[in-house]
Amino acid sequence: MREVSVFGDAIAYFNEAADLLELDAGMRRILTHPSRQIIFSIPFQRDSGEFEVYTGYRVQYNFARGPAKGGIRYHPGVTLDEVTALAFWMTWKCAVVDLPFGGAKGGVTCDPSTLSSNELERITRRYAAELVEIVGPDKDVPAPDVNTTPQVMAWFMDTYSMHVRQNMPGVVTGKPLEIGGSRGRVEATGRGVTICALDEMAEMGLQPEEARIAIQGFGNVGRYAAKLFEERGCRIVAISDITGAYYNESGIFINAAIEHAAKVGTLEGFKGGEKMTNLELLTGPCDVLVPAALEKAFTPESAAKVQAKLIVEGANGPTTPEADRIFRERGIVVIPDIMANAGGVTVSYFEWAQDRMGFFWKEAEVNERLEDFLLTNLRQIRAIAKLRGATLRTAAYTLAIDRVVKALKLRGIYA
Ligand code: GLU
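Structure report, in brief. (Residues numbered from 1 in each chain as written. Predicted model: local features only at pLDDT ≥ 70, side-chain atom pairs only at ≥ 80, totals over all residues. Heavy atoms only, no water.)

With respect to the helices, strands and loops of the structure, Asp145 is situated in the loop between strand E5 (140-144) and helix H5 (150-164). Here the alpha-carbon distance between Asp145 and Gly344, two residues 199 residues apart in the chain, equals 9.7 Å. Among all residues touching Asp145, those that are not within four sequence positions of it are Gly71, Ile72, Arg73, Lys105 and Asn316. Among the polar contacts listed, one links the side chain of Asp145 to the side chain of Arg73, at a separation of 2.6 Å. (Helix = DSSP H or I, 4+ residues; strand = E, 2+ residues; numbered from the N terminus. Contact = heavy atoms within 4.5 Å. Polar contact = N/O pair within 3.5 Å; in protein donor to acceptor, adjacent residues only side chain to side chain.)

Here is the structure:
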């Protein structure tokens, strides 16, 4: 298989929309370069007493619309290239739902399943300490991503607050409720996936009770999306995690799967569905398919066999440009990541706003505002797609790029 950088693939999507917007070469040059990339060592002591060194990253891609915003990922596959692509996507994601933020992302190359809670805390505090000068509520606001939890955000917030000698909840979002988190933040990304999917299903004439849903990934995005689809009367026919996929034609009980995962740590041994491979899940019978794991879930080979009519990208970058071309040719509708999974960062925005006010909303208020932000912009994207004869992905990039370019032109380049 060809080894192209994740950032390279991300730029291919950007260029398609930039062509449609007839964006000039200078603007393209600016927008295809990250503002700042930082790499640093994270030395820490194992519980055994041994010293270890991991690598940490933070990429602040763009600040035109406001402070940089984006999660922190703890995963063995984290590289500068991946973090840059994810920061690039955050820029468009925040713009597409009209949040007053730029884009950023961070990560540590590590396998958290091999780390104790104390080790994780030491790594997080050292990671946060390295970033003290360049993060802050008006600079750059991290959040959870793959393998980072509200607890990790609490350690980050505490470390930062100790350094600046002031309580600073607004430096990160996705915190526990007790220390300035927002109601509804944990479920927000999954909720957003469901909101976008149901709106598109209505557009396609697919009733929730008729829809068979398959979800790849059972982390923070996949499991809450599954639960909310189920609440809306949809049938979840397949779920998966690193241990494989589980298929049940008559529907999986999501609470049973969540309970199993809480007890065992993974879906291994889950009896609510027939075991199959992740590839079989992606290409198996369903109407709506939600990739909610990592990048590059769809290759040209799997894309050619997908049976779903609608793909809703819960993960960031699950579709390679080649696979995307196949979906387009086959008439499969794709709600792109920057729109479909924007629910998380939207409630992060609400959390940041609530922290600044020191006044907290009821969950119903959070959910209502979330739906409004997502549907207003999804419908705008749909209108652009129709007008331009473009895919929803290109339309989403078009809307986002246009917003960032307007901000950039108003501010000008400081020299
Ligand atoms: N990590 C999430 C994302 O990829 C959330 C980012 C945030 O809330 O800042 O959208």
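Text resumes after the structure shown.
For the structure shown, the criterion picks out 0 disulfides. Sulfur of Cys94: no disulfide; nearest cysteine sulfur belongs to Cys196 and is 15 Å away. (Disulfide = S-S within 2.5 Å.)

What follows is about the sheet that holds strand E12 (residues 333-335). Pairing within the open sheet is mixed, and its 7 strands lie in the order E9-E8-E7-E6-E10-E11-E12. The open sheet terminates on both sides in strands that have one partner only, identified here as strand E9 (274-276) and E12. Direction aside, neighbouring strands of the sheet carry axes that sit 20° apart on average. Bridging between strand E8 (residues 244-247) and E9 involves 3 bridges; their strand directions are antiparallel. Looking at the pairing, Tyr246 lines up with Lys275 of E9. Where helix H7 (residues 220-231) meets the sheet, its contacts fall on strand E6 (212-216), strand E7 (235-241) and strand E10 (288-291), and the angle it forms with E6 comes to roughly 170°. (Pairing = 2+ DSSP bridges. Axes fitted to C-alpha atoms, helices over the stretch in contact; angles between N-to-C directions.)

Successive residues of a regular strand alternate their side chains across the two faces of the sheet. E7 sits mainly inside the fold: 6 of its 7 residues count as buried. Relative to E7, E6 runs parallel, the two sharing 4 bridges. Directly across from Ile215, in E7, lies its bridge partner Ile239. Running through H7, the crossover from E6 to the neighbouring parallel element E7 is right-handed. Hairpin geometry of E7 and E8 is characterised by an intervening segment of 2 residues between the two adjacent antiparallel strands. (Buried < 20%, exposed > 50% of the residue type's maximum accessible area, 1.4 Å probe, protein only. Right-handed = clockwise from strand over helix to strand, strands pointing away.)

All right, on to the site of the ligand then. Around the ligand there are 14 residues in total, and Lys69, Lys93, Pro144, Asp145 and Ser348 lie nearest to it. With respect to the ligand, the side chain of Lys105 contributes an N or O atom lying 3.0 Å from an oxygen atom. Asp145 is positioned such that a nitrogen or oxygen atom in its side chain is 2.8 Å from a nitrogen atom of the ligand. Only strand E3 (68-75), helix H3 (80-96), E5 and helix H13 (343-357) provide two or more residues apiece to the shell around the ligand. When its residues are assigned to classes, the shell around the ligand shows 4 nonpolar, 5 polar and 5 charged. (Near = heavy atom within 4 Å. Nonpolar A, V, L, I, M, F, W, Y, C, P; charged D, E, K, R; others polar.)

What follows is about the packing of aromatic side chains. Using the criterion set out here, one finds 19 aromatic pairs in the structure. Ring pairs connect the aromatic residues Phe101, Tyr349, Phe350, Trp352, Trp361 and Phe373, which therefore count as one cluster. Its end group placed over the ring of Trp361, Arg369 keeps NZ or CZ at 4.2 Å from the ring centre. One residue, Arg393, lies across the ring of Tyr13, its end atom 4.4 Å from the ring centre. (Phe/Tyr/Trp six-rings, centres within 6.5 Å; stacked < 30°, edge-to-face > 60°. Lys NZ or Arg CZ within 6 Å of the ring centre and 35° of its normal.)

Counting 93 residues, the largest nonpolar core has Trp92, Phe229 and Ile239 as its most contacted members. Phe44, Ile134, Val135 and Tyr160 belong to the second-largest nonpolar core, a separate cluster that totals 26 residues. (Core = buried A, V, L, I, M, F, W, Y, C linked by side-chain atoms within 4.5 Å.)

Relative to each other, H13 and helix H14 (residues 363-388) sit at 125°, their axes nearing to 10 Å. Comparing the axis directions of H13 and H14 gives the class oblique. Both H13 and H14 take part in a crossing whose hand is right-handed. Residues Gly343, Thr346, Val347, Tyr349, Phe350 and Gln354 of H13 touch H14, and the partners they reach there are Val366, Arg369, Leu370, Phe373 and Leu374. Among the residues forming the contact of H13 with H14, the class breakdown is 7 nonpolar, 3 polar and 1 charged. (Parallel < 35°, antiparallel > 145°, perpendicular 65-115°, else oblique. Left-handed = near helix turned anticlockwise from the far one by under 90°.)

Per the counting criterion, the structure on display carries 33 salt bridges. We note a salt bridge from Lys105 to Asp145, for which the minimum N-O separation is 3.0 Å. With Lys105 in strand E4 (residues 103-109) and Asp145 in the loop between E5 and H5, this pair connects stretches of sequence that are 40 residues apart. Neither Lys105 nor Asp145 differs from the other in exposure class; each is buried. (Salt bridge = Lys/Arg side-chain N within 4 Å of Asp/Glu carboxyl O.)

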